[in-house]
Amino acid sequence: MNPDFLKQERFETKICCPLCQADLVMNWQRDNIPYFGEIMHISARCQCSFRFADTMILSSKEPMRYEMPVETSEDLDARVIRSTSGTIRIPEMGVTIEPGSVSESYVTNIEGVLHRVRDVLATASRWVQGDEEKSSRSEELLCMIEEVIQGKRKITVIVEDPLGNSAIISKKAKATRLSEEEAEKLNTGMIVFDVDKSKLVHDVSDNVQPLGD
């Protein structure tokens, strides 16, 4: 693809539908989202029912790591900006949420992150009902989350982003620039277009690990 296309606000390209081989119009829409930077929405829909949608990052910042101790109920209100390339970790619980090809970007707070983890755990606990050890671990983590929300347990929330589009907004949050080696180990979760190198990188991993030790 010619990188000059990416300077336009909106344009269309034609491809061949992978299902029915008919001509298919691909729509490209440029946008700028606070905290997430410049992006390009890509979508296509064919009459045969084939659909495609994705998001391409057009810009990036310095790779960053934010670490915040959650010690009081007030800390639960700290704002969390998580882009589709952001990884969230809670070491005390063994929780790691890594970006995948269908990751969502969102702005929430620490409590909102805990609610999301709780939802994943609730689903996972149903999957492992026949495994006593995993089921017990799931219940243990659910209890830990409730204790944190009630201010009875302390945890650490870490947000890392190789593209620098995620953050924890709080005076208690410690921001550190990631080294090149550290950034390369993180998933980006979406299509990343490097205009200077004219290169597409697409990370299709989707890894949520709420039951880790």
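Rules and cut-offs
Residues numbered from 1 in each chain as written. Predicted model: local features only at pLDDT ≥ 70, side-chain atom pairs only at ≥ 80, totals over all residues. Heavy atoms only, no water. Pairing = 2+ DSSP bridges. Helix = DSSP H or I, 4+ residues; strand = E, 2+ residues; numbered from the N terminus. Axes fitted to C-alpha atoms, helices over the stretch in contact; angles between N-to-C directions. Phe/Tyr/Trp six-rings, centres within 6.5 Å; stacked < 30°, edge-to-face > 60°. Buried < 20%, exposed > 50% of the residue type's maximum accessible area, 1.4 Å probe, protein only. Lys NZ or Arg CZ within 6 Å of the ring centre and 35° of its normal. Expected span 1.5 Å × (residues − 1).

Caption draft 1: Local environment of the sheet that holds strand E6 (residues 79-82). In spatial order, the strands read E9-E6-E11; together these three strands make up an open sheet with antiparallel pairing. The open sheet has two edge strands with one neighbour each: strand E9 (106-109) and strand E11 (167-169). This sheet shows a mean twist of 20 degrees between the axes of neighbouring strands, independent of strand direction. Alignment of E6 against E9, held across four bridges, turns out to be antiparallel. Paired with Arg-79 across the bridge in E9 is Asn-109.

Caption draft 2: Molecular detail of the packing of aromatic side chains. What the rule picks out here adds up to one aromatic pair. The interplanar angle of 15 degrees and the centroid separation of 5.3 Å between the aromatic rings of Phe-11 and Trp-28 together place this pair among those described as stacked. Residue Phe-11 is found in strand E1 (residues 10-16), and its partner Trp-28 is found in strand E2 (residues 23-33); the two are separated by 17 residues along the sequence. Trp-28 sits in the buried class, given a relative accessible area of 7%. The aromatic ring of Tyr-106 is capped on one face by Arg-116, whose charged end is 3.6 Å from the ring centroid.

Caption draft 3: Seen up close, helix H1 (residues 110-127). With 18 residues, H1 ought to run about 26 Å at 1.5 Å a step, and its terminal C-alpha atoms sit 26 Å apart, in line with that. All buried positions along H1 are accounted for by Ile-110, Gly-112, Val-113, Leu-114, Val-117, Leu-121, Ala-124 and Ser-125.

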